[in-house]
Amino acid sequence: MPKKTNYRMRAHINPLNEFKHPIPPSPEWVDWSVHFPAFFGILDNNEDKLVANVAEFPACYDKKPEHSEELKKVKVDILDIGCGYGNLLLELSKEFPNDLIFGMEIRDKVTEFVVNKINSLRINSGYTKFTNVSAIRTNVMKCIFNYFEKETLSKMFFCFADPHFKKVNFRRRIINSSLLTEYAYLLKEGGKIYTVTDVKSLYDWNVSFLGSHPLFEEVTGEEKDNDPCIKMMCEMTDEAKKVIKRGDPCWAAVFRKKAGKPSEQTMLKYFL
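Note on placement: K257 falls in strand β7 (residues 251-257). A distance of 3.3 Å separates a polar atom in the side chain of K257 from a polar atom in the side chain of E151. Beyond its immediate chain neighbours, meaning those up to four positions away, K257 contacts E151, A184, L187, K188, E189, G190, G191, L215 and F216.

This part covers the pattern of salt bridges. For the structure shown, the criterion picks out 16 salt bridges. K257 is the salt-bridge partner of E151, the closest N and O atoms lying 3.3 Å from each other. Here the residue E151 occupies a position in the loop between α4 (140-143) and β4 (153-159), and K257 occupies one in strand β7, the gap between them amounting to 106 residues. What makes E151 partly exposed here is its relative accessible area of 34%. Here K192 and E223 are joined by a salt bridge, their closest N and O atoms 3.1 Å apart. Placement of the pair is K192 in strand β5 (residues 187-197) and E223 in helix α7 (residues 221-225), with a sequence separation of 31 residues.

About the cut-offs
- Residues numbered from 1 in each chain as written.
- Predicted model: local features only at pLDDT ≥ 70, side-chain atom pairs only at ≥ 80, totals over all residues.
- Heavy atoms only, no water.
- Helix = DSSP H or I, 4+ residues; strand = E, 2+ residues; numbered from the N terminus.
- Polar contact = N/O pair within 3.5 Å; in protein donor to acceptor, adjacent residues only side chain to side chain.
- Contact = heavy atoms within 4.5 Å.
- Salt bridge = Lys/Arg side-chain N within 4 Å of Asp/Glu carboxyl O.
- Buried < 20%, exposed > 50% of the residue type's maximum accessible area, 1.4 Å probe, protein only.

Below, the structure written as structure tokens:
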């Protein structure tokens, strides 16, 4: 099992910097079988070959994968954006064993740790567990459309994102009006966005943007309280455990993509 101390690096990276690593031209060029071999009938975890878009485990998008029409239907269902060291991915893997769960992380060493840990857990389980979870290094703010097609995701997670406290850096925040429209494009009707933070001002920012967006509605009451994903976000991630240890609160919110399409006038009013 990899040791986290060997993969430490700075907590945040500027997402607006140039991203020089391989990027698929479009979703059709992503070969999901290298991330989830068991779901594509590939035995022995594809000989434990790892693909993470980092120096040690490079990704290649030089040609489109060749799969049967049936296997082309195998798609990622749950996305953890800024997955960090991967604890939420592993919890989601256990809760949703039949769904493909994918993490995206901009830091190379952190991504390398995550894929090494997942691979170790697969091997230790005799390839019976954690076959439905994987991760890649990429820049979500610039590349998310290169990986996913319209209305294919059911859940998106944003856990303890960089608050970018300075006003001049608010444009780096992972939730804003234009990015939310992109996320809505990728979510199925009824798909959900989950957010959690220990920074109250960032929670207010998230709720304000999501609550005012014409494509989303907030999930509250029993539906939110009984959602197992809330407990995972607020108690089982590395950052959540730090917050609990400090005795500070976690601020969580859930929003659902509305059914139907708002009018063009409504969307124009929102952006103007």
